[in-house]
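# Survey of secondary and tertiary structure
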Amino acid sequence: MRKPGMSPQARRGMIAKIKIGQKQLGMTDDAYRDMLADRYDKDSAAKLSYRELVDLVAHMEALGAQFTSKQAPKSQQIRDPQSRLIRSLWLQLHEAGLVRDPSEAAIAAYVKRQTGVESLAWLSSPQASSVIESLKQWLARADQPVV
């Protein structure tokens, strides 16, 4: 018997949201299933109760997933020190002639290749640190001072 407030459409919506969060966080299927097993002792979101689905969405948001918008607000991008540093390093690479395209889209493409995450705003702190270190190493290989 179905519990009140747990329509099939609501379940599908929650599971779709979780899949979006998995992609945003750059989680492999193995890492995702390990998280489900550790947290809920289940191997699939389809086996979670509605309460567990809500908890999983909240957990993914705490890890950095954003479910309200495809693009982070400009104000959030500007205030985040790690995102500012990534942009600064990217522009240094451009000025050194090592990067052709200084645009936000190019930065986002690089970040996605490095982490699997589609936006600077969605990076966790460790992921952002990893991107920062890779950009610093790129500058160092080109004998460019990191400013």
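Preceding block: the structure.
Everything in this summary refers to the structure shown in the same document. (Residues numbered from 1 in each chain as written. Predicted model: local features only at pLDDT ≥ 70, side-chain atom pairs only at ≥ 80, totals over all residues. Heavy atoms only, no water.)

### Points about the overall build of the chain
A tally of regular secondary structure across the chain gives seven helices and zero strands. Start at the N end of the chain and walk to the C end: the helices and strands fall as α-α-α-α-α-α-α. Relative to its full complement of 147 residues, the chain shows a buried share of 35%. Of all intrachain contacts in the chain linking residues separated by at least 6 positions in sequence, the fraction that spans at least 24 positions is 56%. Within the structure as shown, the chain displays about 9000 Å² of accessible surface, and the carbon and sulfur contribution to it stands at 54%. (Helix = DSSP H or I, 4+ residues; strand = E, 2+ residues; numbered from the N terminus. Buried < 20%, exposed > 50% of the residue type's maximum accessible area, 1.4 Å probe, protein only. Contact = heavy atoms within 4.5 Å. Areas by Shrake-Rupley, 256 points an atom, 1.4 Å probe, with all protein chains shown as cover.)

### Some remarks on the pattern of salt bridges
Opposite charge on two side chains makes pairing possible when the charged atoms of those side chains draw close. Counted under the stated rule, the structure contains seven salt bridges. For K112, the salt bridge is made with E118, and the minimal N-O distance between the two is 3.2 Å. Here E118 falls in the partly exposed class, since its relative accessible area comes to 34%. For K136, the salt bridge goes to E133, with nearest N and O atoms at 3.7 Å. A residue pair is termed a helical-turn pair when its members lie 3 or 4 positions apart in one helix, as K136 and E133 do in helix α7 (residues 125-141) at three residues. (Salt bridge = Lys/Arg side-chain N within 4 Å of Asp/Glu carboxyl O.)

### Brief notes about a negative patch on the surface
Judged by side-chain charge, D29, D30, D34 and D38 come together as a negatively charged surface patch. Its location among the elements puts D38 in helix α2 (residues 29-40). Given a relative accessible area of 71%, D38 falls into the exposed group. (Patch = residues over 30% accessible without salt bridge, like charges linked within 9 Å, V, L, I, M, F, W, Y side chains within 5 Å. Lys, Arg positive; Asp, Glu negative; His and termini not counted. Charge placed at Lys NZ, Arg CZ, Asp CG, Glu CD.)

### Structural notes on the packing of helix α6 (residues 104-115) against α7
Helix packing for two helices is described by the angle between their axes and how far apart those axes are. Where α6 meets α7, the axes come as close as 10 Å, and the angle between the chain directions of the two elements is 110°. With respect to α7, the element α6 is oriented roughly perpendicular. Touching Y110, V111, Q114 and T115 of α6 are Q127, V131, S134, L135 and W138, all from α7. For the contact of α6 with α7, the class distribution of residues is five nonpolar, four polar and no charged. (Axes fitted to C-alpha atoms, helices over the stretch in contact; angles between N-to-C directions. Parallel < 35°, antiparallel > 145°, perpendicular 65-115°, else oblique. Nonpolar A, V, L, I, M, F, W, Y, C, P; charged D, E, K, R; others polar.)

### A look at the packing of aromatic side chains
How two aromatic rings sit relative to each other is given by the distance of their centres and the angle of their planes. Tallying each qualifying case throughout the model produces three aromatic pairs. Consider the rings of W90 and W138, whose centres lie 6.1 Å apart with planes at 75°: the pair is edge-to-face. Of this pair, W90 sits in helix α5 (residues 81-95) while W138 sits in helix α7, and the two are 48 residues apart along the sequence. For W90, a relative accessible area of 4% gives the class buried. Overall, W138 belongs to the partly exposed group, its relative accessible area being 22%. (Phe/Tyr/Trp six-rings, centres within 6.5 Å; stacked < 30°, edge-to-face > 60°.)

### Looking at the packing of helix α1 (residues 8-24) against helix α3 (residues 50-63)
Contact geometry for α1 and α3: axes closest at 10 Å, N-to-C directions at 25°. With respect to their mutual orientation, α1 and α3 come out roughly parallel. Crossing geometry of α1 relative to α3 is assigned as left-handed. Residues A10, R11, M14, I15, K17, I18, G21 and Q22 of α1 lie in contact with α3, whose contacting residues are Y50, L53, V54, L56, V57 and M60. Looking at the contact of α1 with α3 residue by residue, the class counts come to ten nonpolar, two polar and two charged. (Left-handed = near helix turned anticlockwise from the far one by under 90°.)

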